[in-house]
Amino acid sequence: MRFSQSGREILKEMEGVIPRVYDDLATSSEKRKGLVDCYSAQGTPTIGIGHVVYASWKNECEKYANHFRDGYDLPLDQILAIFEEDIAKRENILNKKLTVKLSQKQYDALFLMMFNTGSGNSSFKKAVEFANQKKWAETADAIAGGPVSSKGVELAGLKKRRLFEAQMFLDGSKSTSPNALILLGVASLGLYLFMRRS
């Protein structure tokens, strides 16, 4: 399967499109200013649409050296090209893990989670395991229970994001089990709050 265009638009909204290397723990206005260098981040150095700049990889820091606070913006066409490369890599990873056919919304929900948490996260692994068993409510529960912190700092935005992803997965599952309906109600509230950006 492939990550949908609507999924891409959701991901752009969630991650933002930021043309300088920024700290993922920073406020929106601080993100726009950018980091001084790779090593000044409290969280994870990031650029564009959620592309991680690995401070431990010297060539990554050098690659984006002109796009820190005192540099210049990374052009939009380059941001979008990096975004598509990141998507292709993650599609390959997710497709190798899945053994069942999912609806587009289910696939997109798992993809959104993996883009943010990585494929090695235990909650993501559990979500994929349940999805491969067609246990939709349990999959959504694993998504909703996924990581909500970065570098040990709990972030309200990640809580909303996990609920949004769980809701999206359930919307695509046609599940009517009592547990799924309860989670659907909780996730609907999360979706409402996420969209309000409270």
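Residues numbered from 1 in each chain as written. Predicted model: local features only at pLDDT ≥ 70, side-chain atom pairs only at ≥ 80, totals over all residues. Heavy atoms only, no water.

Draft legend 1. Up close: the side chain of His 67. Inspection of the secondary structure assignment puts His 67 in the loop between helix 3 (58–63) and helix 4 (76–97). Here His 67 falls in the buried class, since its relative accessible area comes to 6%. Only 2.7 Å separates the side chain of His 67 from the backbone oxygen of Tyr 72, close enough to count as a polar contact. Dropping the residues within four chain positions of it, His 67 is found in contact with Pro 19, Arg 20, Val 21, Ile 47, Tyr 72, Asp 73 and Leu 74. (Helix = DSSP H or I, 4+ residues; strand = E, 2+ residues; numbered from the N terminus. Buried < 20%, exposed > 50% of the residue type's maximum accessible area, 1.4 Å probe, protein only. Polar contact = N/O pair within 3.5 Å; in protein donor to acceptor, adjacent residues only side chain to side chain. Contact = heavy atoms within 4.5 Å.)

Draft legend 2. The state of the cysteines, seen in detail. One pass over the structure, following the stated rule, counts 1 disulfide. Shown here is the disulfide that connects Cys 38 with Cys 61, its sulfur atoms set 2.1 Å apart. Handedness of the Cys 38-Cys 61 disulfide follows from its S-S torsion of about -110°: it is left-handed. Of this pair, Cys 38 sits in the loop between helix 2 (28–33) and strand 2 (45–48) while Cys 61 sits in helix 3; the two residues are 23 residues apart in sequence, bridging distant segments of the chain. Each of the two residues, Cys 38 as well as Cys 61, counts as buried. (Disulfide = S-S within 2.5 Å.)

Draft legend 3. Region of the structure containing the pattern of salt bridges. This structure, assessed with the given rule, holds 10 salt bridges. Two residues, Arg 2 and Glu 91, come together in a salt bridge whose shortest N-O distance is 3.5 Å. Residue Arg 2 is located in the segment before helix 1 (5–15), and its partner Glu 91 is located in helix 4; the two are separated by 89 residues in the primary sequence. A salt bridge links Arg 69 to Glu 30; the nearest nitrogen and oxygen atoms lie 3.7 Å apart. Placement of Arg 69 in the loop between helix 3 and helix 4 and of Glu 30 in helix 2 is noted, with a sequence separation of 39 residues between them. Classification of Arg 69 as partly exposed rests on a relative accessible area of 36%. (Salt bridge = Lys/Arg side-chain N within 4 Å of Asp/Glu carboxyl O.)

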